[in-house]
Structures are given as structure tokens and as C-alpha cells.
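Residue strings, one per chain:
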Amino acid sequence: MFDVIKIRSDFPVLATTVYDKPLVYFDNAATTQKPEEVINAIKQAYTTYYSNIHRGVHALSDISSEKYESAREKVRSFINAGSVEEIIFTAGTTASVNLVAFSFGERYVKSGDEILISGLEHHANIVPWQMMCQRKNAHLKVIPVNDDGTLRIEEIDGLITEKTKLVSITQVSNALGVIIPVKKIIDKAHEYDIPVLVDGAQGVQHGHVDIRELDCDFYAFSGHKIYGPTGIGVLYGKKKWLEEMPPYQGGGDMVERVSFEKTTYNKLPFKFEAGTTNFVGAIGIGKALDYIESVGMEDIIKHEKELTEYASTRMKEIRGIEIYGNTKEKISIMSFLIDKVHQYDAGMILDKMGIAVRTGSHCAQPVMARFGIDGTIRASMCFYNTREEIDVLIEGIEKVKRMML
Ligand code: PMP
């Protein structure tokens with residue numbers, strides 16, 4: 001039985017106060033809070049078996065290595081990838097996209113080629129491609145956005161050409177919460193034999209991800225947005241690409257043999273994990289995925305859907321609120337503006353009521369430009385949030401209106 005009160009007690013920070021008000025944490029799209037199990041797993045790693053992985057012959061190193069590799073297996077099974085060789089630990093989504101942009105770019109992209117992204121991307125899925133395009137003299141093309149925040153996917157056929165080398169697309173818009181029909185886009189790109197990277201930073205924590213069913217070529221996500229630690233993330237890549245792609249960084253662990261004349265590289269996935277990785281972070285991600293499974297993804301989806309519907313209904317009752325990303329297919333993100341109130345002023349007033357929302361462009365300035373605004377107020381909810389917290393937000397919005405209009 002899904003019991004939100006019990007779930008909340010798993011997250012120590014949710015019981016804290018801000019300015020003597022109970023914390024209402026609605027900034028989950030930026031980063032999520034951590035359950036005690038994750039915090040304890042990290043503490044346990046540092047206090048009972050901490051030692052560097054892979055290189056030791058001693059007992060502690062064996063334990064660390066085993067825990068790290070079993071976290072990799074946990075990630076594999078969580079997203080239903082075919083093999084642990086296809087699971088690379090990175091520092092986060094940004095690092096994962098940069099890895100592919102650099103390495104795939106080095107191997108496959110030449111002057112005049114094209115990369116296709118969408119108008120809903122986070123900067124992390126724009127700038128690495130721009131940098132690669134600059135290096136390679138390639139071009140970035142963009143799938144346009146409709147007024148309701150959905151993508152004009154019917155335009156994809158016209159945007160793909162024989163020069164398109166890769167499509168890189170977000171699963172969910174972090175700025176609007178809109179869910180993108182990535183499966184359709186993947187199937188369409190594959191009709192032209194073009195690989196697809198899915199930025200799963202806002203997708204993986206809100207629904208089932210089945211890599212083999214999606215059939216994407218790359219999938220990236222961050223630990224800190226899925227109730228795990230910061231500084232750790234995942235890149236899934238199909239073996240056929242990863243084997244061909246050159247390493248992104250050089251150093252320890254990613255090599256097989258090194259001499260001054262010639263260096264050979266380690267096998268997958270280690271070829272892409274140079275240096276001492278954030279192995280404690282990886283152990284933390286593994287624990288976070290265990291935790292999510294213990295709550296149950298079906299219940300998470302159901303609870304978050306109820307919250308989204310409740311928040312939409314309540315917000316639509318208030319005059320002067322403009323909601324951006326007004327579609328049915330969305331995750332529990334409400335991105336909005338209150339009349340002519342600057343989002344920053346609204347955020348400050350809400351903060352004083354203990355409500356943590358994010359204001360600004362949400363690292364998606366092209367999305368804001370598309371709607372002719374410079375930012376929104378974003379209340380992003382997840383499975384530990386409640387209807388009562390939404391009521392507090394609604395009260396807060398009324399207060400903002402009273403104070404500012
Ligand atoms: N893509 C999307 C859709 C995101 O929401 C974010 C984080 N806001 C990122 C990429 C970047 O993630 P990170 O900062 O964890 O690397």
C-alpha cells in the first residue's frame with residue numbers, strides 16, 4: 001500500500017522547517033531529496049569498507065569493487081539494458097551527453113554533417129552538440145515546438161537528411177514537464193538508420209524505462225534527480241557504437257597496456273571510465289534504485305499523476321495564471337507565471353512561506369525564447385509530495401497576487 005506519510009518519513013529533510021514553516025519542497029526537477037537508505041549506504045561505504053576499486057588485491061578493495069559492479073548491474077536491470085558492458089558511470093547527464101558528443105563526433109561526424117535536436121532541450125543537450133559542430137564544421141537542426149509545448153514531430157521527416165548523423169532528444173522537457181513521444185522519434189530515425197540519444201534526466205524517475213523496448217542507441221540520466229547522490233550519472237550505449245567510439249578521457253583504469261610507443265584500451269564499459277570514478281556515488285545510485293523499486297513505479301506514477309491533476313485544477317481556478325506546457329502528456333511539473341508578476345519576486349514570496357520552487361529559464365533559454373518570456377515559476381513535484389502541499393502553494397500564489405498586483 002502506497003502511504004505517502006510513511007514515505008515522507010524516509011526522507012529526513014522533508015521534516016525540516018524553513019523560516020519556521022514546514023518545508024514544501026517543489027524543486028524536484030532540479031534535484032531530489034535522499035531517502036535515509038541512500039544516505040546510510042554512503043555512510044556505510046565510507047565507514048566500513050571504503051577503498052579504491054578494481055586495482056587492489058586486499059579485502060576492502062574487493063568489497064568496494066563488488067559493490068560498484070553490483071550497482072552497475074542494478075542500473076542495467078532497472079532500465080532493462082542488455083548487458084553491463086553498456087552501462088557507463090559518468091558524473092551525470094551533462095557528462096554523459098558530452099561523452100557521446102565528443103566521442104561519437106570524433107568517430108562519425110565530418111564537415112557538413114547534421115545533428116538533430118529539439119526546441120525543448122536543456123542546455124546540456126544543446127551546448128555539447130554546438131561545441132562538437134564547431135569542431136567538425138557540422139550543423140545543428142532543431143525540431144520546432146507547438147504553442148502547447150509539444151514537438152512538431154510531423155516535421156521530422158523534412159528535417160532528417162542524408163547528412164543527419166544523430167538525433168538527440170529529451171524524454172521530458174525540464175522546463176515545461178511535457179513528455180516527448182521518444183519511441184516514435186526513435187522508430188522514425190531508425191527508418192533512416194540514424195542513432196538516437198535520449199536525455200532521460202527528467203524521465204527515468206517518473207516512469208518505466210525499458211531500454212530494449214525503446215531501442216534507443218544512448219540513454220543518459222543523473223543520480224541526483226533519481227533520489228541518489230550528486231556527481232554520479234549513467235550513460236547507456238549500444239555496444240555496437242561504444243565499441244567503435246574512441247575513449248573520451250585517458251588515464252587509469254581505461255587502459256589495457258600502456259607504453260610510450262602504444263597504448264591499448266580496456267574493454268567496455270571501463271574504456272569510458274578513466275581515473276577513480278565516483279564509485280561511492282554509484283553505490284548510492286544502486287541503493288536509490290532499490291528504494292524506488294521498494295516503493296513501486298506503478299504507485300509512483302499514479303500518485304504523481306494525481307498530484308499533477310490536482311495542481312492543474314487548483315491553478316486553473318486562479319485568475320491570471322498562465323501555465324506553460326499545457327498538455328495531458330506531462331509529468332508532475334507546473335511551469336507558470338502569475339499575471340505580470342516577475343517570477344523572481346513570486347519565488348521570493350513563496351520562499352518566505354517555506355515553499356521551494358525554481359524560477360528563471362531552467363537552463364532552457366531557447367524554450368523561454370519560444371514563448372517570448374525570460375522565465376517561469378516551476379513547481380516540480382514527486383511521489384513524496386502531497387495535496388496539502390499543493391494547497392500551501394495555492395495559498396502562496398494568492399498571497400503573491402495580493403502583495404504584487
Ligand atoms: N537534461 C535535462 C532534461 C535536465 O533537466 C537536466 C538537469 N536540470 C540535465 C539534462 C543536466 O543534468 P545534470 O545537471 O545532472 O548533469
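Whatever comes next refers back to the structure up there.
Residues numbered from 1 in each chain as written. Predicted model: local features only at pLDDT ≥ 70, side-chain atom pairs only at ≥ 80, totals over all residues. Heavy atoms only, no water.

1. Here we look at the site of the ligand
For step 1, the next point in the chain: Neighbouring the ligand are the residues Thr93, Thr94, His122, Ala124, Thr170, Asn174, Asp199, Ala201, Gln202, Ser222, His224 and Lys225.
For step 2, the next point in the chain: Within the side chain of histidine 122, one N or O atom sits 3.1 Å away from a nitrogen atom of the ligand.
For step 3, the next point in the chain: Measuring from a nitrogen atom of the ligand, one finds a side-chain N or O atom of lysine 225 at 2.7 Å.
For step 4, the next point in the chain: Notes on the ligand: free accessible area 400 Å², of which the protein chains cover 85%.
For step 5, the next point in the chain: Looking at the shell around the ligand residue by residue, the class counts come to two nonpolar, eight polar and two charged. (Near = heavy atom within 4 Å. Polar contact = N/O pair within 3.5 Å; in protein donor to acceptor, adjacent residues only side chain to side chain. Areas by Shrake-Rupley, 256 points an atom, 1.4 Å probe, with all protein chains shown as cover. Nonpolar A, V, L, I, M, F, W, Y, C, P; charged D, E, K, R; others polar.)

2. Things to note about helix α3 (residues 59–79)
For step 1, the next point in the chain: Under the 1.5 Å per step criterion, the end-to-end length of α3 is 31 Å for 21 residues, consistent within 8% with the ideal 30 Å.
For step 2, the next point in the chain: For α3, the complete set of buried residues consists of Ser61, Ser64, Ser65, Tyr68, Ala71, Arg72, Lys74, Val75, Arg76, Phe78 and Ile79. (Helix = DSSP H or I, 4+ residues; strand = E, 2+ residues; numbered from the N terminus. Expected span 1.5 Å × (residues − 1). Buried < 20%, exposed > 50% of the residue type's maximum accessible area, 1.4 Å probe, protein only.)

3. Thoughts on a nonpolar patch on the surface
For step 1, the next point in the chain: On the surface, a cluster of nonpolar side chains totalling about 300 Å² of accessible area is made up of Met403, Met404 and Leu405.
For step 2, the next point in the chain: Structurally, methionine 403 can be placed in helix α14 (residues 387–404).
For step 3, the next point in the chain: With relative accessibility at 52%, the residue methionine 403 sits in the exposed group. (Patch = residues over 30% accessible without salt bridge, like charges linked within 9 Å, V, L, I, M, F, W, Y side chains within 5 Å. Salt bridge = Lys/Arg side-chain N within 4 Å of Asp/Glu carboxyl O.)

4. Some words on the packing of aromatic side chains
For any pair of aromatic rings, the description consists of the separation of the ring centres together with the inter-plane angle of the planes.
For step 1, the next point in the chain: Going through the model one piece at a time under the given rule, you end up with 18 aromatic pairs.
For step 2, the next point in the chain: Ring centres of phenylalanine 11 and phenylalanine 383 lie 6.1 Å apart, and the angle between their planes is 70°; this geometry places the pair in the edge-to-face category. Here phenylalanine 383 lies in the loop between β17 (376–380) and α14 and phenylalanine 11 lies in the loop between α1 (4–9) and β1 (17–18), a separation of 372 residues in the sequence.
For step 3, the next point in the chain: Arranged with centres 5.2 Å apart and planes meeting at 40°, the rings of tyrosine 68 and phenylalanine 89 form a pair that is tilted. Taken together, the positions of tyrosine 68 in helix α3 and phenylalanine 89 in strand β4 (residues 87–90) put the pair 21 residues apart, joining distant regions of the chain. (Phe/Tyr/Trp six-rings, centres within 6.5 Å; stacked < 30°, edge-to-face > 60°.)

5. Remarks on the environment of aspartate 374
For step 1, the next point in the chain: With respect to the helices and strands, aspartate 374 occurs in the loop between α13 (365–370) and β17.
For step 2, the next point in the chain: When its relative accessible area of 54% is taken as the criterion, aspartate 374 is described as exposed.

6. Section: the pattern of salt bridges
For step 1, the next point in the chain: Going through the model one piece at a time under the given rule, you end up with 28 salt bridges.
For step 2, the next point in the chain: Taking the shortest distance from any N to any O, the salt bridge between aspartate 187 and lysine 183 comes out at 3.0 Å. With aspartate 187 and lysine 183 both in helix α7 (residues 182–191) and four residues apart, the pair spans about one turn of that helix.
For step 3, the next point in the chain: For lysine 183, a relative accessible area of 33% translates into the label partly exposed.
For step 4, the next point in the chain: By sharing partners, the salt bridges in this structure join Lys74, Lys287, Asp290 and Glu293 into a single network.

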